[in-house]
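The primary structure of each chain is shown beneath.
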Amino acid sequence: MDNKKEREIAATKKIKHLATNVVKEIKKNENPSLDIPIRALSNVKFNDKKCIIELGNAMQKRYFFNVSQAKKFMQTLLIANACKDLLKSEKTTSIRDLYYMTKHTLGNSKQNTFDDQTESDPIIEDLEVSIDALREELNLFASNRGALVGNMKVEDSGDLINCGKMGSGGWSVPSIVEKDIVKFKEVDAKFILMVEKDAVWRRLNEDKFWKKHKCILMHGQGMAPRGVRRLLYRLVNEKKLPLYVFVDNDPWGFYIYSVIKQGSINLAYESQRMAVPSARFLGLSSFDRKLYNLPDNVTIKLNQQDVSRAKQILQYPWFQKKGWQNEIKEMLKAGVKLELEALSSKGISFVTEKYLPDKIKNNKYLD
Amino acid sequence: MQTKLTESKTKKVSTGKTAEDMASKQREISISEFFTKNRHLLGFDSPRRALMTAVKEAVDNSVEYSEPVLIRENGLIKLVKIGEYIDKKIKKSKNLRINERSVESSSINSVESFVYDDKTFKMEFKPISAIHRHKLHNKLYKITLIGNRETKVTGSHSVFVLKNGKIQSYPVEDIKVGDFVVVPRKKFHIEGVDVIDLRSWIKQLPSKINKNIIIKKVSHKFHNISNDWKRFDYIPLEYFIENNIEIPDSAYISIKAGRSSIPVMFPINYELMRILGYYASEGTAYNQCLVFSFGAHEKDLINDLIKCVGLLSSNLTTSKILAHKTAMTIKLNSEILTYLFKDLFKCGSRAGTKKVPSIVFNSSNEMQKEFLRAYIAGDGHIGNKVTMATISKDLAIGLKYLFVLNGMPFSESVKKECIREFKNHKSNCKKVYYLYYYHKKAFQNSPLSWIPVNESGLREIINALNPKVGSFNPHYRMINSRNSFTIESANADLKQAMIYKRNLVSDERIQEVQNLLNGDVGFLKVKDIEVVTSESPYVYDFSVPGSEKFLGGEGAIFLHNSLDACEEFEVLPEIKLEIKRVEEKRYTLVVEDNGPGIIKEQIPKIFGKLLYGSKFHKLAVSRGQQGIGISATALYAQLTTGKGIKILSRTSPQKPAHFYDLHLNLKTNDAEIITDEEREWEGKEHGIKLQVTMEAEYLKGKRSVDEYIKQTAIANPHATIYYKTPIDDWVSFERATQELPKEAKEIKPHPYGIELGILMRMLKDTEAKTLQQFLTSEFSRVSPKIAKEICEKASLYEKARPSRIARQEVDNLYKAIQLVKIMAPPTNCLTPMGEDILLKGLKKEVDAEFYAAVTRPPAVYRGNPFQIECCTGDSKIILEDGRIITIKKYVEANMFDKKVFSMDDNFKIKPSKVFMVHKFKNKHKILKITTKSGRELNLTANNEIPIIENGEMIWKKVEDAMVGEHVATPRVINILGKIPNLLDLLNPEHVKVVEQELVSDIMDKLKNIYGDYKKVAQTLNINYDIFKAYKRTKYATRPNLTNFKNMVNLAGLNFKDFKNKINNIRLVDTNFTNPHSLKIPELNEDVLYILGLLNSDGHISRKGIYFINMDESLHKSFGNKLYSLFGLSVKRYKKHESSVCNKTLYLVLKEIERILPTLPDNLITAWLKGFVDGDGWVSKHGDIISEIGIATAKKSSAELVQTMLLRLGIISKIQKKNIPKKFGKIKGREIKTKKIQYNISIRNLKNMRKFHSLISFRQIKRANAITEGIQSMVDICCRSNHDVIPLGNSLFKFREENNLFQYELGFSDLSIRDIEKNKQNMSRMNLQQMLSLEKFDGVMVNRLKLLAFSDILWDKIVNIELVPHEEFVYDLTVETGNFIANNIIMHNCAISFGGSIPGDGLVQVVRFANRVPLLYKQSDCAITKGILNTAWRNYGLSQSRGALPSGPAVLIVHMNSVWIPFTSESKESIASYPAIMKEIKLALQECGRKLASHVRKIKKIEHEQKRQKIFELYIVEVTDSLHNLTGENKETLMKHFQKIVKQRTIGGEDGQ
């Protein structure tokens, strides 16, 4: 717990430093500003050696006396203030909570400090980047998303949980899975299977795929949340387990895989502690259609957005491996995408009994 | 037409009819057929459009006749004999015309006539356009008015007479004794000249005198002149004339032998006026000198004259000669002055020939009076009225006009020649003219200040306005018994009557009478009319366009110019249009104008022939263009209803009007006059009235007749249009300008615009002998040189005969013309409206925030010049948060977290919360309420105010409220003020703590704690060097208050303890270059007393604080107090002025002034003490004080004092007073002052006592007066009729409940009875006294108690009047449902202003061609296309592709050309020739740019305000966060922020 306290003090100091700089500028009668690293493709580098996406050094100045930035400036300070209070009182809270904590009406106007949580979330990220402190260090957590099941016991905030006996729902992965909260006790697994969708995860769970193949079965309900990604990172690094990712055959699925593997553009600053460069792409591959004789009627035509997204991904430096280029090009060529559920057309347990074992066994994955 | 005729030729030829038969048949068919087949071309395709077209034709053709030339120059005011003058002018005239009735006319420039305005009756000068004279045809009349004003006019000549409430012109023949004639009444302001330049005058003198004139005092400026000239300092005038040298303006002139000289820039001053005045009365001019004869006893006059002469020019000499015992002669020896008086000033030389010098008329009103004063001193006798006598008729007339111009009432009489005998001496006495001037006291007796009640319509109106309130005002009783009222009381009565306006009289009617009363003209009764003989064979006349009147006659009477001599119709058009519904789809159209009318011979041509027009052949701008319409209308009418057209026409007032009933003969295409009879046409001197019934449909909306009329009004602001539809009543579009459009010139065609066929025809028709001559004479802009060039290019011999040029050669010629560069055609053939006229028209009909107009320089298409005019009006929607009045500010600045004062159910005044604020568009009248105590408030008519009736308060609509009723106003306002520390009022950054000891003390302490200064300075964030300097005694820097506070805090001490120790501060505002230190006292009563003194009798400025008063004791106490409070010594300047120059004090006082109303009562009292010591007074009647008053010049201070007095519970009354002119003398000159003063008066004893005990005076004299007065007064002396409670019936109920008789209440039973009948009101004091007597029972007693001890003063309404309309009104929703505005309690409403065009939807496009609105076929039109093709987005209006721009704007485009290429005969749209399109676009773009800059400005302001608002909102959040995060002081942050905001928003540049 000392660790936690130190972390809190450090974070508080960083926040205060940020504010003091602003005050200094105000006292000089200057336009107060905040330096915020840019979180966009333009300021993201793919580190070939580490195989992760890293944040560059480009900074964006956020001025108060600028109509388009004033509100964000104010919001940043509000969030910073709230975080400081959180740290001071040694409580953690969800980012939704924080949104409500900082939301109020401005003066006599009809304006609110925040209109929507989508407004406050990026601000939190801004704050994280600019003071170089992780959300967890600010005592913030997101809502639980994603679940896990497998032959493993964990200690979560002091409670011992047997992840093999979690019924059909599995253990819901918390947003903060730092060492001081989640501790791995007994892990008996050969690999981790990360599934995009919970529907497919349910099928695998119901078929006790994890028991049969001794694995840890996880899903992230679409784009994997930070908790899931951090947990994956820890499992891979601490328990040295290989990680397979099983996603839809569409540009979005590919990107989910790439986020798990190399990190995201938006949270590039966290890649260091979240990206799992060793992750392997198990499917669905564009070539699976032929390989497994999937009927044509389960395919979905690519729409305009899919095509442009696919083309975008094609340009990303971390998709430049030949296999991936082929993969994406094949999808564009065929003009169709596949959902994981499409495999059910070959029989309800085709996934568990045929497809996955085949792929894992024969190393039919993309790196 | 021609082609149509051939087309419709019948195909059957074989019937054997003769060619003649067929030809006549052809015609018959063709006309009706042509019409029916081509209705759409002519604009008769639907009943709706038919009406439109008919209206259009009728209106267009009436406006057209009036295109005069107007020129105006500044002239000298002269009094001339009209005959002499016109004879002279006509003799010289080059443009003399004589018409068939042998009227000689000549147009004339730069002469103006003195007229009054028909609407407002204000007097002004108007240009005369022409003069006329003609032989006397009929009798000559002499009219004599009361006071013996006379004038001689011909019988048909008109004068203006007041009849039936209107001023109308009547021929003299019709005037009867007893009629009232219009004459000038009020003073006419004349600016006057200060100096006249005699240089041009002396040069024009006959050479006999001319050569003797020498120029003095300038020889030193010339070198090549004879030594003699230099020695005696003179140069002959000849030298200047010969060498053509300008005489320097410092020169003096004299005539050789004479010693005295006068300046060449001759001053027109009071001295000259006096001399001229004395001369007019006593002077005689001889050859070389002026002589004034006085009685020997008239020493004052003699001395004054000598003094004046000396002041006029130091080189003038006078000599006194005692002619005999009783006569003293003053001789003014100046040949040049004598000559000046005789020749230039035209003073006349002897008693019988004297005149009022022309120069007097051209000097200012004051100087004119000076002249009169001097004249009266010489010849006048001052008694009840001033009597003047002269034997010079000219002088008498001149004097009368001087009286007229200065608004001085007078009368006159004449004493005929007689022989007087005196002690056996017989002497012939000449005819003597007596003038009587009614000065101040007798002013009311002058008939000029009276108005006839009957003739003016006053009686009718007052009776109509007020059928029953007669008893209210004593004047009303007289209205039926008196014949005339003084104008003053008539005005007052009318105002009274207006309050109870019933709707029996129209507003216009009232306005007319009010104008009569407020106008500059008066009315004199005709005393006598007689026929006289004329001295001259001619009679004379002026044309004054737009006014048709002039001031004339020996007695200065307004005369109508007689149009019998004026054939030019330079009148401002006035058109009446009426559409009447006869039955379904059948309407009658009546159009009336005031044009020249038409003569019988023209009628069949105009109305019969389809293609007859006066405009076809002429290349000049005119309206109707083809002139086809009215006949088509007639035809259409006849075809659809079978009825002909009815015409009433009058060509001159001498001739009767003619009525014609017209039928078209379709066979002959001729008009047949069925009826022709003479008719009476009342009130119309000339003009035409058409009546036509036809199948039509009247609809409202776009493209309706209504719209057409409105647009016509915009394009023709010089015309007045009256318009009546089947649905609405008469609407009038008043003219916005008196200027007539410029007269269009006819031009020859430009060669570029000619077509081949026309060229051929012209070659055939020309009278020119050679080709060159043909080209130069038949075309415009073709010089012989160009003609030659054309011929060369066409390889034609320039001397060839035009008629012999072959077909092919013409072609060559045509081509050659296009090749040669020819100047653009002259454009004086155009009559553009001009930007200002366009704006005038637009402003009149469209209410907008912004107007811009553009006139393009004329351009040429196909050789025809044209011009584009364009205009946009932009709405105020963008500007909704414009300037503000207080409630508006409150509403719009979101200040509603602050409470407002309101009245609760118990009649107590207390602050209440505001729940909501409102802003409405006002749909109601605005009324202004004035109460007895001088409070004023503007309210919408439907707003409610609390009125007391029978002891009960009811909410009554303002429009139902009556004068005499009592409205609730606050009697006391209780504000718990607080005393701020003076230091807190000032910006701590600007305040420096000067107390060296204090500072160094703290520094020592800090050093003890922290070791050294450096560390301390660092912690405090103060520069170390500066910090060190705090300790120095010399050249020391001092910490500002913020720094000092930080230091104190750092030392661990409480700043509050130190606040009191700081005695000296200094301000270093950036604007102060040299701040002085100042001792800071507590904000105590003395400070406020000083401020009060300064607010009343001093002034506070950056430059210094001044106190100006005559009372020594006040100066003493002012000085002492300033010294003891601020440590400042006062400088005394003269006896009455104390001053101190301290900028810091200035700032401090200004701050206190600002927060004055928030201070507690004791400080308010102190301020009032100061104020009354400066400006207060006590007026006493014997021992009794009648009034305590405070006078101030500013309304705002008066209102402040009233409110402050109210805080103390003293009720006062504000009265506005015009202080009459005061005469004072400074340096020998009389100085006049005039000012407006607001008196705050306190009258009631209770209030006076309160005043005495709380405020009183400190000057011994006044203090004694008030103390003695108050002591000697008993309650009975001043039973106030001010603080009263109208109990009425409630007192009766109260009595009933308690079973009491009237006398049992302790007052006289009579007065109680009166109170109960609402005839009298009980004063608050009496009511309180009554209620304290006994224990009463019942419900009423509680109500009475509430009333007796309420905070409400029931203020009597003394006036309710209508004020101009306001666009927006504001309102507050308060918890009690009412609030206090302008010290009147009111029910949720107040006002502001604005104006707007509907802002959504497309821009409204208004098109004009030659001032005619185009309504149909908008999309075809070049104008529309031009608008579509303009990129309006660049100019701030949104516009979707291929559509009109949208936004709150009206866009007007006017095309003016000698030939407008319409796309069809119905003249609805302009063809899009590229040249026209280009010009339209350019005009629109220019207009757009003007609009854009306006829109940008508004948007910028809006944007800035938005920005600032956003920042202000966010700053609070940011400061809070930062404070929380860093612990930084919120206020400091806030202050910095505000500073940055100021820098970065309005005024500063953009943040990033």
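Residues numbered from 1 in each chain as written. Chains lettered and ligands numbered in written order. Predicted model: local features only at pLDDT ≥ 70, side-chain atom pairs only at ≥ 80, totals over all residues. Heavy atoms only, no water.

Student: An account of the overall build of chain B is needed here, citing residue identities and associated values.
Tutor: Summing up its helical and strand segments, chain B has 48 helices and 74 strands in all. For chain B, the proportion of its 1552 residues judged to be buried stands at 52%. Across chain B, contacts joining residues at least 24 apart in sequence account for 69% of those joining residues at least 6 apart. Surface summary for chain B: the accessible area is close to 73700 Å², and the carbon and sulfur share equals 50%. (Helix = DSSP H or I, 4+ residues; strand = E, 2+ residues; numbered from the N terminus. Buried < 20%, exposed > 50% of the residue type's maximum accessible area, 1.4 Å probe, protein only. Contact = heavy atoms within 4.5 Å. Areas by Shrake-Rupley, 256 points an atom, 1.4 Å probe, with all protein chains shown as cover.)

Student: Describe the packing of helix α40 (residues 1245–1254) of chain B against helix α41 (residues 1260–1272) of chain B, with residues and values.
Tutor: Residues and elements named next belong to chain B. In contact at an axis separation of 11 Å, α40 and α41 are set at 135 degrees when each is read in the N-to-C sense. As summarised for this structure, α40 and α41 are arranged oblique, according to the angle between their axes. In this structure, α40 meets α41 at a crossing whose hand is left-handed. On α41, the residues that touch Met 1248, Arg 1249, Phe 1251 and His 1252 of α40 are Ile 1266, Thr 1267 and Ile 1270. (Axes fitted to C-alpha atoms, helices over the stretch in contact; angles between N-to-C directions. Parallel < 35°, antiparallel > 145°, perpendicular 65-115°, else oblique. Left-handed = near helix turned anticlockwise from the far one by under 90°.)

Student: Could you give an account of unusual backbone geometry, with specific residues and numbers?
Tutor: Note: most residues except glycine have negative phi, and most peptide bonds are trans. Residue and element names in this part refer to chain A. Here Lys 208, not a glycine, exhibits a phi torsion of approximately 50 degrees, which is positive. Mapped onto the secondary structure, Lys 208 falls in the loop between α5 (198–206) and α6 (209–213). Residue Lys 208 is classed as partly exposed on the basis of its relative accessible area, which comes to 35%. Positive phi outside glycine occurs at Lys 240, with the angle close to 55 degrees.

Student: Talk me through the sheet that holds strand β11 (residues 182–187) of chain A; I want residue IDs and the actual numbers.
Tutor: Residue and element names in this part refer to chain A. Taken in spatial order, the 3 strands make up an open sheet running β9-β8-β11, and their pairing is antiparallel. Single-partner strands in this sheet number two, and they are β9 (159–162) and β11. Here the average twist between neighbouring strands, direction ignored, is 20 degrees. Here 4 bridges tie strand β8 (residues 152–156) to β9, and the two strands are oriented antiparallel to one another. When the bridges of β9 are listed, Val 154 appears paired with Ile 161. The strands touched by helix α7 (residues 226–239) are β8 and β11; relative to β11, the strand with the most contacts, the crossing angle is about 50 degrees. (Pairing = 2+ DSSP bridges.)

Student: Explain the pattern of salt bridges residue by residue, including any values.
Tutor: Residue and element names in this part refer to chain A. Evaluation of the coordinates by the stated rule reveals 35 salt bridges over all chains. For Arg 226, the salt bridge is made with Glu 128, and the minimal N-O distance between the two is 3.0 Å. You can see Arg 226 sitting in helix α7 and its partner Glu 128 sitting in helix α4 (residues 117–131), a full 98 residues away along the chain. Owing to a relative accessible area of 8%, Arg 226 belongs among the buried residues under this scheme. Residue classification places Glu 128 among the buried residues on the basis of a relative accessible area of 1%. Notably, a salt bridge pairs Lys 214 with Asp 188, separated by 3.6 Å at the nearest N-O pair. Of the two residues, Lys 214 sits in the loop between α6 and β13 (215–219) while Asp 188 sits in the loop between β11 and β12 (191–195), which places them 26 residues apart along the sequence. For Lys 214, a relative accessible area of 34% corresponds to the partly exposed category. The class for Asp 188 is partly exposed, based on a relative accessible area of 39%. (Salt bridge = Lys/Arg side-chain N within 4 Å of Asp/Glu carboxyl O.)

Student: Can you break down the side chain of Ser 281 of chain B residue by residue, with the values?
Tutor: Position of Ser 281 of chain B relative to the elements: it lies in helix α10 (residues 270–282). Not counting residues up to four positions away in its chain, the partners in contact with Ser 281 of chain B are Lys 354, Ala 374, Tyr 375, Gly 378 and Asp 379 of chain B.

Student: Describe the packing of helix α8 (residues 251–262) of chain A against helix α10 (residues 304–315) of chain A, and please don't skip the residues or the numbers.
Tutor: All names here are of chain A. As a packed pair, α8 and α10 sit with axes 9 Å apart at the nearest point and diverge in direction by 35 degrees. Where α8 approaches α10, its residues Pro 251, Trp 252 and Tyr 255 are matched on the opposing element by Gln 305, Asp 306, Arg 309, Ala 310 and Ile 313. Grouping the amino acids of the contact of α8 with α10 by side-chain chemistry returns 5 nonpolar, 1 polar and 2 charged. (Nonpolar A, V, L, I, M, F, W, Y, C, P; charged D, E, K, R; others polar.)

Student: A description of the interface of chain B and chain A should follow, citing residues and the corresponding values.
Tutor: Taken together, the contact pairs 25 residues of chain B with 34 residues of chain A. Carbon and sulfur atoms make up 69% of the surface buried where chain B meets chain A, a total of about 2800 Å² over both sides. At the boundary of chain B with chain A, the tally comes to 1 salt bridge. Between chain B and chain A we count 5 residue pairs in polar contact (both at pLDDT 80 or more) in total. Mapped onto the side of chain B that touches chain A, the elements with two or more residues apiece are α47 (1474–1526) and α48 (1530–1544) of chain B. Broken down by element, the residue count for the side of chain B that touches chain A peaks at 13 residues, all from α47 of chain B. Tallied by class, residues from the side of chain B that touches chain A come to 12 nonpolar, 8 polar and 5 charged. (Buried area = accessible area lost by both parts, 1.4 Å probe. Polar contact = N/O pair within 3.5 Å; in protein donor to acceptor, adjacent residues only side chain to side chain.)

Student: An account of helix α11 (residues 322–334) of chain A is needed here, citing residue identities and associated values.
Tutor: Residues and elements named next belong to chain A. Between its terminal C-alpha atoms α11 stretches 18 Å, which fits the 18 Å expected from 13 residues at 1.5 Å a residue. Buried within α11 are the following residues: Trp 324, Gln 325, Glu 327, Ile 328, Glu 330 and Met 331. Elements that come into contact with the buried residues of α11 comprise α8, β15 (280–283), α9 (288–291), α10 and β17 (336–337). (Expected span 1.5 Å × (residues − 1).)

Student: Could you give an account of the environment of Asp 296 of chain A, with specific residues and numbers?
Tutor: Assignment of secondary structure puts Asp 296 of chain A in the loop between α9 and β16 (300–301). C-alpha separation for the pair Asp 296 of chain A and Val 336 of chain A, spaced 40 residues apart in sequence, amounts to 9.5 Å.

Student: Describe in detail the pairing of strand β38 (residues 687–695) of chain B, supporting the description with residues and values.
Tutor: Residues and elements named next belong to chain B. Of the pairings in the sheet, the one linking strand β34 (residues 586–593) to β38 comprises 8 bridges and is antiparallel in character. Bridged to Leu 589 within β38 is Val 692. Two elements, strand β35 (residues 645–650) and β38, share 6 bridges in a ladder whose sense is antiparallel. Looking at the pairing, Ile 645 lines up with Val 692 of β38.

Student: Give a detailed account of the nonpolar core, specifying residues and quantitative values.
Tutor: Residues and elements named next belong to chain B. Membership of the largest hydrophobic core comes to 83 residues, with the highest contact counts inside it found for Phe 1027, Phe 1044, Leu 1088 and Ile 1152. If sequence neighbours within four positions are ignored, Phe 1044 has contacts with Val 993, Leu 998, Val 999, Ile 1002, Pro 1039, Phe 1055, Phe 1058 and Ile 1062. Counting residues in each nonpolar core, the second largest holds 78 residues, with Ile 213, Phe 292, Met 328 and Ile 376 among its members. (Core = buried A, V, L, I, M, F, W, Y, C linked by side-chain atoms within 4.5 Å.)

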